[in-house]
Amino acid sequence: MSTTVLDEQAARATKARTLAVRPPRPRRRRPGPGRPVPYGWAIGPVLLLVLWTAGTGLGLVDVRSLPAPWTIADTAGQLIDNGKLPSHLATSAQRALLGLLFGVAAGLLLALVAGLSRVGEAVIDGPVQIKRAIPSLALIPLLILWFGIGETMKVITIALGVFVPVYIHTHNGLRAIDSRYAELAETVRLGRLAFVRHVVLPGALPGFLLGMRFAVTGAWLALVVVEQVNATSGIGYMMELARTYGQTDVIIVGLVVYGLLGLVSDALVRLVERRALSWRRTLAG
């Protein structure tokens, strides 16, 4: 056997002994928030429910001011059985969806005009920023004088609370598109419509979806108020009627319904965001 072969065998034996003695390196934790927690969106609400139940059971919460969770569940069951809660919920959902539809359409259209045209931005952005500084609820007295106290006023109020976040975030997404993409589109002689389809819309999509998350929340916030202005149906009307008769449990049921609607609608937008932006690698996982 040659000396070279012996040397190679000796080197392999030495390396094997070294690996056997050397302890394995500890695996470094990757910077970031870590892996997503399964059903993490539900942990916070469940903890609040546990604290509420424990506080009531230990006598730390006055049940006259905040009824026990089981009392709220019983009241909700009665409202469902007699049909009041489903009826009011259907009316509220219709108002919120109409306001959301008109508000999103207006916000998206204005953002595209302002984001793709300097003239459009000069005309549109200033008034939208002024509207942004004026709460939509502060416009209710004026809207009542213009449109009365019917459904039109309620839907317009919700739409005004929706279109601003959609416009702001979509417009910001358009302005944040890398200018090199425009230069590349010019180099390959991409037409205007093709540029909008392949560059503008994908670039603005993250901002638009973020604006949608604020928009769905804004729709429910505006709905709470407009349904207490001369309404004869809706969750807000049910809560206002309960306030008149001192029914705290019914008011809490209405608040829980509003909270669940906001949580579910935000979760739906986040689901669409994950599916539509699956090509992005972010810390959200």
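What comes next concerns the included structure. (Residues numbered from 1 in each chain as written. Predicted model: local features only at pLDDT ≥ 70, side-chain atom pairs only at ≥ 80, totals over all residues. Heavy atoms only, no water.)

**Describing the overall build of the protein chain**
And step 1. On a plain count of helices and strands, the protein chain comes out with eleven helices and zero strands.
And step 2. Listing every helix and strand of the protein chain by position from the N terminus yields α-α-α-α-α-α-α-α-α-α-α.
And step 3. Here the protein chain, with 285 residues, has 33% of them falling under the buried criterion.
And step 4. Taking as baseline every contact in the protein chain between residues at least 6 positions apart, the subset at least 24 positions apart corresponds to 73%.
And step 5. Summed over all atoms, the accessible surface of the protein chain reaches about 18700 Å², with 65% contributed by carbon and sulfur. (Helix = DSSP H or I, 4+ residues; strand = E, 2+ residues; numbered from the N terminus. Buried < 20%, exposed > 50% of the residue type's maximum accessible area, 1.4 Å probe, protein only. Contact = heavy atoms within 4.5 Å. Areas by Shrake-Rupley, 256 points an atom, 1.4 Å probe, with all protein chains shown as cover.)

**A word on the packing of aromatic side chains**
And step 1. One pass over the structure, following the stated rule, counts one aromatic pair.
And step 2. Between W146 and F147 the ring centres are 6.4 Å apart and the planes differ by 85°, which places this aromatic pair in the edge-to-face class.
And step 3. The class of F147 is partly exposed, set by a relative accessible area of 39%. (Phe/Tyr/Trp six-rings, centres within 6.5 Å; stacked < 30°, edge-to-face > 60°.)

**Concerning the environment of T53**
And step 1. Position of T53 among the secondary structure elements: in helix α2 (residues 40-57).
And step 2. The sequence separation of T53 and A68 amounts to 15 residues, and the corresponding C-alpha distance is 6.8 Å.
And step 3. Separated by 2.8 Å, the side chain of T53 and the backbone oxygen of L49 make a polar contact. (Polar contact = N/O pair within 3.5 Å; in protein donor to acceptor, adjacent residues only side chain to side chain.)

**Describing helix α5 (residues 118-133)**
And step 1. Between its first and last C-alpha atoms α5 spans 22 Å; for 16 residues at 1.5 Å apiece the expected length is 22 Å, and the two agree.
And step 2. Largest kink in α5: about 30°, centred on I124, with the proline P127 one to four residues after it.
And step 3. Check the buried side of α5 and you find it contacts α4 (84-116) and α7 (151-175).
And step 4. The distance from a side-chain oxygen at the start of α5 to the backbone nitrogen of V119 is 3.3 Å, and the residue carrying that oxygen is S117. (Expected span 1.5 Å × (residues − 1). Bend = angle between axes of the 7 residues up to and from the residue.)

**A word on the packing of α4 against α5**
And step 1. Where α4 meets α5, the closest approach of the two axes is 5 Å, and the angle between their N-to-C directions is 130°. Relative to α5, the element α4 lies oblique. Seen from α4, the contacting residues are L110, V113, A114 and L116; seen from α5, they are R118, G120, E121 and I124.
And step 2. Grouping the amino acids of the contact of α4 with α5 by side-chain chemistry returns five nonpolar, one polar and two charged. (Axes fitted to C-alpha atoms, helices over the stretch in contact; angles between N-to-C directions. Parallel < 35°, antiparallel > 145°, perpendicular 65-115°, else oblique. Nonpolar A, V, L, I, M, F, W, Y, C, P; charged D, E, K, R; others polar.)

**Some words on the pattern of salt bridges**
And step 1. Under the criterion given, the structure shown has seven salt bridges.
And step 2. The salt bridge involving R64 is made with D62; its shortest N-O contact spans 3.3 Å.
And step 3. Look at R64 and you get exposed, because its relative accessible area is 70%.
And step 4. Overall, the relative accessible area of 35% leaves D62 in the partly exposed class.
And step 5. With its nearest N and O atoms 2.8 Å apart, the salt bridge here joins E151 to R95. One end of the pair, E151, is in helix α7; the other, R95, is in helix α4, and 56 residues separate them in sequence. (Salt bridge = Lys/Arg side-chain N within 4 Å of Asp/Glu carboxyl O.)

**Structural notes on the side chain of H88**
And step 1. Within the fold, H88 resides in helix α4.
And step 2. Judged by relative accessible area, which is 12%, H88 ranks as buried.
And step 3. Beyond its immediate sequence surroundings of up to four residues, H88 is in contact with S233, G234, I235, Y237 and M238.

**So, the environment of V199**
And step 1. Inspection of the secondary structure puts V199 in helix α9 (residues 192-226).
And step 2. Separated by 17 residues in sequence, V199 and A182 have C-alpha atoms that sit 8.0 Å apart.
And step 3. Not counting the four nearest positions on each side in its chain, V199 is found in contact with I177, Y181, L190 and A194.

**Quick notes on helix α3 (residues 69-81)**
And step 1. With 13 residues, α3 should cover 18 Å at 1.5 Å per step; its first-to-last C-alpha distance of 18 Å lies within 8% of that length.
And step 2. Where α3 terminates, the next one or two residues include G83, which has phi positive at roughly 85°.

**Comments concerning the packing of α5 against α7**
Any two packed helices are characterised by how steeply their axes cross, that is the angle between the axes, and by the distance between the axes.
And step 1. Running from N to C, α5 and α7 cross one another at 140°; their axes reach a closest spacing of 11 Å. With respect to α7, the axis of α5 lies oblique. Here the hand of the crossing between α5 and α7 comes out left-handed. Where α5 approaches α7, its residues R118, E121, I124, D125, V128, Q129, K131 and R132 are matched on the opposing element by L160, F163, V164, Y167, I168, H171 and R175.
And step 2. Taken together, the residues of the contact of α5 with α7 sort by class into seven nonpolar, two polar and six charged. (Left-handed = near helix turned anticlockwise from the far one by under 90°.)

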